[in-house]
Amino acid sequence: MKKVFYVFVLFALTISLNTSAQINKNACEQRSEMMKLNKKLQELKVSKASKKRAKEDSRDGWKASGALLLEQQYERAAIYMNSFEDDLVTPKFVHGEGLSVGAVYDGAMMQARELARLNLIGSIETDIAQVVENSVSNNQLSSNEAASVVKTLSCSKSIISKKLGQTIPAIERYRKLPNGNYEVYVQTFYSMDKARELSKETLRNELENETEGLGEKVCDIMGW
């Protein structure tokens, strides 16, 4: 009985280590991609649009959090937003935004980051849901199959969030309100390719648990 227990513990530990290794790998690749764009930012002059936006927001009391000035953060976000694949249509990054108000700065910042992360995951969900909707229109999926995919995708948010690993904020700003509270805004980005890869793996596994063959069918339709 003890041997069976030890084998089970070893098996569970192996799965945990493999999952952690995958998350760390994704985080490293994600950070590498962001580092390349940050280097690109350093080589570029801040645009007039970013300077104007920073000036206007400064008048409204916004201040930059971190080492980069507001105008530099806005320029960085603009680079991410305007980065596309070779087809010049598919964005390279998916993004999320979070706004939080709190009596303590650190608490408000933590909540804003988490909200931005959840918003980013929602964007990934919307991206895949759109593909599913188009598949129904093209008679590639039945209405019941599509409903199952959307439901499974919605229930898989927490799994995708854990696998997502670290996201790197492009904008982090704050201001102190008249009542003494802190208002914090965060905009964060994540590689679209990595996001779809994580979603694909999660969705396929979860769908196979519900309906045999549906996971593979959906991945084939989406070109995964």
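Scroll up to find the structure this text is about.
Residues numbered from 1 in each chain as written. Predicted model: local features only at pLDDT ≥ 70, side-chain atom pairs only at ≥ 80, totals over all residues. Heavy atoms only, no water.

Q: An account of the layout of surface pockets is requested, with residue identities and associated values reported.
A: Considered as a void within the structure, the largest pocket measures approximately 160 Å³ in volume. What lines the largest pocket is a set of twelve residues, among which Ser65, Gly66, Arg76, Pro169 and Glu172 lie closest to the centre. Elements that contribute at least two residues to the lining of the largest pocket include exactly α3 (70-81) and β3 (168-176). By residue number, the principal contributor to the lining of the largest pocket is β3, which donates five residues. Here the residues of the lining of the largest pocket sort into six nonpolar, four polar and two charged. (1 Å grid on protein atoms, 1.4 Å probe; cavity = no way out; pocket = protein on both sides within 12 Å on 5 of 7 lines; lining within 4 Å. Points joined across faces, edges and corners; volume = space filled by probe spheres on them. Helix = DSSP H or I, 4+ residues; strand = E, 2+ residues; numbered from the N terminus. Nonpolar A, V, L, I, M, F, W, Y, C, P; charged D, E, K, R; others polar.)

Q: Can you break down helix α6 (residues 157-164) residue by residue, with the values?
A: Among the residues making up α6, those that are buried are Ile160, Ser161, Lys163 and Leu164. Where α6 ends, the next residue or the one after it, Gly165, has phi of about 70 degrees, a positive value. (Buried < 20%, exposed > 50% of the residue type's maximum accessible area, 1.4 Å probe, protein only.)

Q: Provide a residue-level description of helix α5 (residues 143-155), including the pertinent values.
A: For α5, which comprises 13 residues, the first-to-last C-alpha distance of 18 Å matches the rise-based estimate of 18 Å (1.5 Å per residue) to within 8%. Buried residues of α5: Ala146, Ser148, Val149, Thr152 and Leu153, and no others. All buried residues of α5 lie within an arc of 160 degrees about the axis, which places them on one face of the element. Structural note: α5 exposes Ser143, Asn144, Lys151 and Cys155 on the side pointing more than 90 degrees away from its buried face. (Expected span 1.5 Å × (residues − 1). Arc of directions from axis to C-beta.)

Q: An account of the sheet that holds strand β4 (residues 182-191) is needed here, citing residue identities and associated values.
A: Pairing in this open sheet of four strands is antiparallel, and the strands run β1-β3-β4-β2 from one edge to the other. Only two strands of the sheet have a single neighbouring strand rather than two, namely β1 (63-64) and β2 (93-102). Both β3 and β4 contribute to a ladder of eight bridges, which runs antiparallel. Bridge assignment links Arg175 to a residue of β4, and that residue is Glu183. (Pairing = 2+ DSSP bridges.)

What is shown is where atoms sit, not what they do.
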